[in-house]
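Chain by chain, the residues run as shown.
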Amino acid sequence: SISRILVVVEDITERKGVELALRDSEELKSAVLDNSPVGISVRSVQGTLLLANKAWQKIWNISDEDLKQRLHPREKLSFTDRDTYLADHLSNIRKVYESGGTYYVAEVKPLIQQEGKAEWISQFFYGIHDENGQVDKVVILTEDITARKKAEQELVLAKERAEENETRFKALHNASFGGIAIHDKGMILDCNQGLAEISGFTVDELIGMDGMQLIASSARDMVMANIVAGYEKPYEALGLKKNGEEYPLRLEARGVPYKGKQARVV
């Protein structure tokens, strides 16, 4: 007898294309998740962890083994205000479900008690909808903003220190028995009441004035030469008061940083 074999040939190009596209899509999603600098996690309405990327693990100090066990950060880390943080966190997840949209938390401070780990984080919550248009998962984007917050705090402290130093300087400035002026290439930037009393000008008149107007014409070349040379030893010169009277002066100057630039205090 003759055996008959039926051979069916099917063009599966389209199906293979779809499979390849799906595979490429999964690889792309994995690449985006694993290389994102922002922590990405997906949770159920009950708060169960469904998915997390490498950045999220780094922020919360969660290992691959911990992730397999669906370990929540509360079981791994110690918080100063842990209960409040976790209550707010679950509340934010519920708000996404209830609103059917997004809920944003600008900045939170979980106060993780681990050296070198996140202290300040920024979080963004948004919902993933099912085929019925209902939120069935919540995506949480978490960014470690500790470095930025510390930089902001340093700027605030630096400003406070600068203001404190300026207040102290002015107190000493005006308590001095002599005249004190801060100048830039001769132009007076600041001065004390002592200089006003010596020269006969008011403080307001002195600030912004060319300091050479306080020096008798016969001594100006010498004083300017000392300014240009950065001379810092005491020396004598002739001063000139507002009423035109000349009088002997003892001058001594130092280079000082003043409001972000180099100046001289005399």
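This structure is a prediction, so every number in the text was calculated from the model and none was measured. (Residues numbered from 1 in each chain as written. Predicted model: local features only at pLDDT ≥ 70, side-chain atom pairs only at ≥ 80, totals over all residues. Heavy atoms only, no water.)

Draft legend 1. How the structure looks around the overall build of the chain. Along the chain, the regular secondary structure elements total nine helices and eleven strands. Buried residues in the chain amount to 33% of all 266 residues. In the chain, 38% of the contacts between residues at least 6 apart in sequence involve partners at least 24 apart. Carbon and sulfur atoms make up 54% of the accessible area of the chain, which amounts to about 17200 Å² in all. (Helix = DSSP H or I, 4+ residues; strand = E, 2+ residues; numbered from the N terminus. Buried < 20%, exposed > 50% of the residue type's maximum accessible area, 1.4 Å probe, protein only. Contact = heavy atoms within 4.5 Å. Areas by Shrake-Rupley, 256 points an atom, 1.4 Å probe, with all protein chains shown as cover.)

Draft legend 2. Focus on helix α9 (residues 220-229). Taken together, the buried positions of α9 are occupied by Val223, Asn226 and Ile227. The buried residues of α9 occupy an angular sector of 100 degrees when projected down its axis, which confines them to one face. Counted as exposed and oriented over 90 degrees from the buried face of α9: Asp221, Val228 and Ala229. Those residues of α9 that are buried lie in contact with β6 (181-184), β8 (235-240), β9 (246-251) and β11 (261-265). Positive phi shows up at glycine 230, right after α9, with a value of about 70 degrees. (Arc of directions from axis to C-beta.)

Draft legend 3. Representation of the packing of aromatic side chains in the model. Under the defined criterion, the tally for this structure stands at two aromatic pairs. Residues phenylalanine 124 and tyrosine 126 carry aromatic rings whose centres are separated by 5.9 Å and whose planes lie at 40 degrees to one another, so their mutual orientation is tilted. Owing to a relative accessible area of 30%, tyrosine 126 belongs among the partly exposed residues under this scheme. Between tyrosine 231 and tyrosine 235 the ring centres are 5.9 Å apart and the planes differ by 65 degrees, which places this aromatic pair in the edge-to-face class. Under the relative-accessibility criterion, tyrosine 231 is labelled partly exposed at 33%. Classification of tyrosine 235 by relative accessible area gives buried; the value is 15%. One residue, lysine 149, lies across the ring of tryptophan 120, its end atom 4.6 Å from the ring centre. The ring centre of tyrosine 247 lies 5.2 Å from the NZ or CZ of lysine 241, which sits over that ring. (Phe/Tyr/Trp six-rings, centres within 6.5 Å; stacked < 30°, edge-to-face > 60°. Lys NZ or Arg CZ within 6 Å of the ring centre and 35° of its normal.)

Draft legend 4. Representation of the sheet that holds β11. Ordered in space as β7-β6-β11-β10, the four strands form an open sheet in which the pairing is antiparallel. Of all the strands in the sheet, just β7 (187-191) and β10 (254-258) have a single pairing partner and so form its edges. On average, adjacent strands in this sheet sit at an angle of 40 degrees to one another, irrespective of strand direction. Summarising the sheet, β10 and β11 pair through five bridges and their orientation is antiparallel. Opposite arginine 254, over in β11, you have valine 265 as the bridge partner. (Pairing = 2+ DSSP bridges. Axes fitted to C-alpha atoms, helices over the stretch in contact; angles between N-to-C directions.)

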